[in-house]
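As a plain string of letters, each chain reads:
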Amino acid sequence: MSPVLTPEARNLLPLAADGVLPPPPPVLPPKPGRNQACYCGSGKKFKQCCMERDAALRRQQRVQAQPEWLLSSDRKLHQFLRYGWKVFDLPGLLESLRDGRRDPTISTFHVASSLFFAAVLRIPSLNALEGYLREGDFQKLIGLPAQPGEKAFSADTISDMLDLCDVDSARNALAELIRIAERNKVFRDGSYGGKRCVAIDAWEPHSSYERHCPGCLTRQVKGPDGDKRTQYYHRYVVAMLLGTDLDIILAAEPVLSEEALRDGDADHQGHEGELTAAYRLLDRLHNTYGRFIEIVITDALYANGPWMTRLDQYGYGGIISLQKENNEPLKEAIDLCRRGECQRQKHEDPDNRERVDFSDVDDIQTLSTYAGKVRVIQAEITRFSPPASDPSKPSTPPRTSTWWFALTGCARHLSRPTALKAMRSRWHIENTAFHQWGSYWNLEHVYRHTPAALHTLFLIWMLAFNLLQLFFYCRLGRERKPVQPRDVCDTLRHIVEVMLRDLAALPTPIPWQVPLEDSG
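Residues numbered from 1 in each chain as written. Predicted model: local features only at pLDDT ≥ 70, side-chain atom pairs only at ≥ 80, totals over all residues. Heavy atoms only, no water.

A short note on the sheet that holds strand 5 (residues 236-242)
Reading across the sheet, the 9 strands line up as 6-5-1-7-8-12-11-10-9 and stay open at both edges, with mixed pairing between neighbours. Two strands lie at the open edges of the sheet, namely strand 6 (248-254) and strand 9 (343-349), each paired on one side alone. Each adjacent strand pair in this sheet contributes to an overall mean axis angle of 20°, direction not counted. Inspection of the sheet shows strand 10 (residues 354-364) paired to strand 11 (residues 374-383) by 9 bridges, in the antiparallel sense. Across the sheet, residue phenylalanine 358 finds its bridge partner in strand 11, namely alanine 379. Sitting on the sheet, helix 13 (residues 305-313) touches strand 1 (197-203), strand 7 (295-298), strand 8 (317-321), strand 11 and strand 12 (399-408), and the angle it makes with strand 8 is about 155°. (Pairing = 2+ DSSP bridges. Helix = DSSP H or I, 4+ residues; strand = E, 2+ residues; numbered from the N terminus. Axes fitted to C-alpha atoms, helices over the stretch in contact; angles between N-to-C directions. Contact = heavy atoms within 4.5 Å.)

Written out as structure tokens, the structure is:
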């Protein structure tokens, strides 16, 4: 079998010491699906046979194709490209996306890479991206020859790709990024108490009274004049892996509309709820990541027996916020605490200027829909303000807040301070993810309003979000809590601004696509 590297690609390979080109790398057959039979004839699935070896060979050959100027540059954009290319095989991740266009003139890879870098560089719309596609610098970034003033492809091409993209291929690319990071021991220390904790919550990126699609949910909203109007919106249930150093998105599921659900059940009436989508997300997390996940953290909507039972079935622990005092298990825990039948502990946290009074009740079995035991913790947090700079001014009185939360499965063995830290870390998904996506990542803007396009674009944005988080905290080694108080988001924004300026320093097109596979 003869090699298929083009002469241009061969010229990118390093010369040996005697000035002779090294022997051509082995040619790989077309990559089958993960669960398809391996091409070697072993009878095993591809993922259980040659997938890891082939992935290593593809990474090696792509790394060899990196130009010398990219390897020696210290510019932030070039460092990001080098990191994504060498460590996470970014070209392979983008090449894995598939769409249903017939004989497209523009490859899925180039459209997907334009969207990926639109996310990284915070380009606010498809029309703005179309403008960038006229710029020679951006054309070189996505691997095309620079033709300034001549549009590489249009926003309509991007829309067609998004409408027909295979959402599962985007999901798999996101999961593959996590697998590579895990293989590189990024998550070896766990989140809290040595356990990998995942927060699940719902996010609503945008709503409208005019624009809508078959995937839109609807609700009646009362206007200023008292009249009710139909509002259209989309909602996703998102799973984020929490960490003390960085947070990573694992998966996301849309809450399906009535029209979307009728595709599988012609008689279905009404939209599905957040919990229904969350069950589907939990199933997908288990099928994709298995026991890589250890604890799932949720808000009070999930304080019910069926959710706890599903967590137990998958071997996951649960940390669940409790709010309704008339519902179990909180009702029983409050009654036991009032009677003094609980364990109490005082905990001082001088770093955060807090004192925490814990009340702990274990072995609660009052939920009729859950056969396991539940541990309930009450944490009364008293936060003290820093001393006033002027001693003559009165000091600010301490502030007090109360947290109730339930622990199930392996989470029942966490210490009280660790369990509280894990419970409070659930706000990372609000601050690090939802707030940033709306404020800095432009995800409250509707780039393309069809169900498949919205979901695919969201997953591509999450791929960019994760890789930028890994680059910032792992490659650049930035501290999550710097010594000098400052806004970490502003620091990330500054990095993105520097990377955008570095576009002008690309001397040649990035050789992303080195032909590695046997076309015959």
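The discussion continues.
Quick look at the pairing of strand 11
Most of strand 11 is tucked away, with 8 of its 10 residues classed as buried. Summarising the sheet, strand 11 and strand 12 pair through 9 bridges and their orientation is antiparallel. Paired with threonine 382 across the two strands is threonine 400, which belongs to strand 12. (Buried < 20%, exposed > 50% of the residue type's maximum accessible area, 1.4 Å probe, protein only.)

Overview of the pattern of salt bridges
Tallying each qualifying case throughout the model produces 27 salt bridges. Among the salt bridges present, the one from glutamate 176 reaches arginine 179, with a minimum N-O distance of 3.5 Å. Of this pair, glutamate 176 and arginine 179 both sit in helix 10 (residues 167-183), 3 residues apart, which is roughly one turn of the helix. For glutamate 176, a relative accessible area of 21% gives the class partly exposed. On the basis of relative accessible area, arginine 179 is assigned to the partly exposed category, the value being 26%. Residue glutamate 253 pairs with arginine 280 through a salt bridge whose shortest N-O separation is 3.0 Å. One end of the pair, glutamate 253, is in strand 6; the other, arginine 280, is in helix 12 (residues 274-289), with 27 residues separating them in the sequence. By relative accessible area, glutamate 253 is classed as buried at 2%. By relative accessible area, which is 24% here, arginine 280 ends up partly exposed. Linked by salt bridges that have partners in common, Asp168, Arg171, Glu253, Glu272, Arg280 and Arg284 make up one network. (Salt bridge = Lys/Arg side-chain N within 4 Å of Asp/Glu carboxyl O.)

Overview of unusual backbone geometry
Residues glutamate 328 and proline 329 are joined by a peptide bond in cis, for which omega reads 5°. By the element assignment, proline 329 lies in the loop between strand 8 and helix 14 (330-338). Phi angles above zero are rare outside glycine, and aspartate 103 is one such case at about 45°. Looking at the secondary structure, you find aspartate 103 in the loop between helix 5 (90-95) and helix 6 (108-120). At arginine 122, a residue that is not glycine, the phi angle is positive and equals roughly 60°.

Description of the nonpolar core
With 153 residues, the main nonpolar core has Leu115, Phe116, Trp437 and Trp461 as its most contacted residues. Sequence-distant contacts of tryptophan 461, that is, excluding residues within four places in its chain, are made with Leu115, Ala118, Ala119, Trp441, Leu443 and Tyr447. (Core = buried A, V, L, I, M, F, W, Y, C linked by side-chain atoms within 4.5 Å.)

So, the pairing of strand 5
Counting buried residues in strand 5 gives 7 out of 7 residues, a clear majority hidden from the surface. By the alternation rule, side chains of strand 5 split into Tyr236, Val238, Met240 and Leu242 and Val237, Ala239 and Leu241, which are all buried. Taken together, the 7 bridges between strand 1 and strand 5 define a ladder with antiparallel strand orientation. Residue pairing across strands places alanine 202 opposite valine 237, the latter belonging to strand 5.

A short note on the packing of helix 10 against helix 12
Axis separation between helix 10 and helix 12 bottoms out at 11 Å; the angle between their running directions is 55°. By the angle class used here, helix 10 and helix 12 are oblique. Classified by chirality, the crossing of helix 12 by helix 10 is right-handed. From helix 10, Asp168, Arg171, Leu174, Ala175, Ile178 and Arg179 reach across to helix 12, where they touch Arg284, Thr288 and Tyr289. (Parallel < 35°, antiparallel > 145°, perpendicular 65-115°, else oblique. Left-handed = near helix turned anticlockwise from the far one by under 90°.)

Structural notes on the confidence of the model for the protein chain
When pLDDT is averaged along the protein chain, the result is 86, and 85% of the positions lie at 70 or above. Across residues 1-18 the pLDDT falls below 50, and counting only partners more than four positions away or on other chains, this stretch makes 29 contacts in the model. For residues 516-520, every residue scores under 50 in pLDDT, and the model assigns this stretch 18 contacts once sequence neighbours within four places are set aside. (pLDDT = per-residue confidence, 0-100.)

Describing helix 16 (residues 428-439)
Since there are 3.6 residues in each turn of an α-helix, residues three or four apart along the chain are aligned in direction. Taken residue by residue, helix 16 has His428, Ile429, Thr432, Ala433, Phe434, Gln436 and Trp437 as its buried positions. Across the axial projection of helix 16, the buried residues extend over an arc of 165°, all falling on one side. (Arc of directions from axis to C-beta.)

Regarding the side chain of glutamine 378
With respect to the secondary-structure elements, glutamine 378 resides in strand 11. A residue is classified by how much of its surface remains accessible, and glutamine 378, at 12% relative accessible area, is buried. Side chain to side chain, glutamine 378 and glutamate 380 meet in a polar contact 3.4 Å long. Excluding its chain neighbours within four sequence positions, the residues that come into contact with glutamine 378 are Asp357, Phe358, Ser359, Thr402, Trp403 and Trp404. (Polar contact = N/O pair within 3.5 Å; in protein donor to acceptor, adjacent residues only side chain to side chain.)

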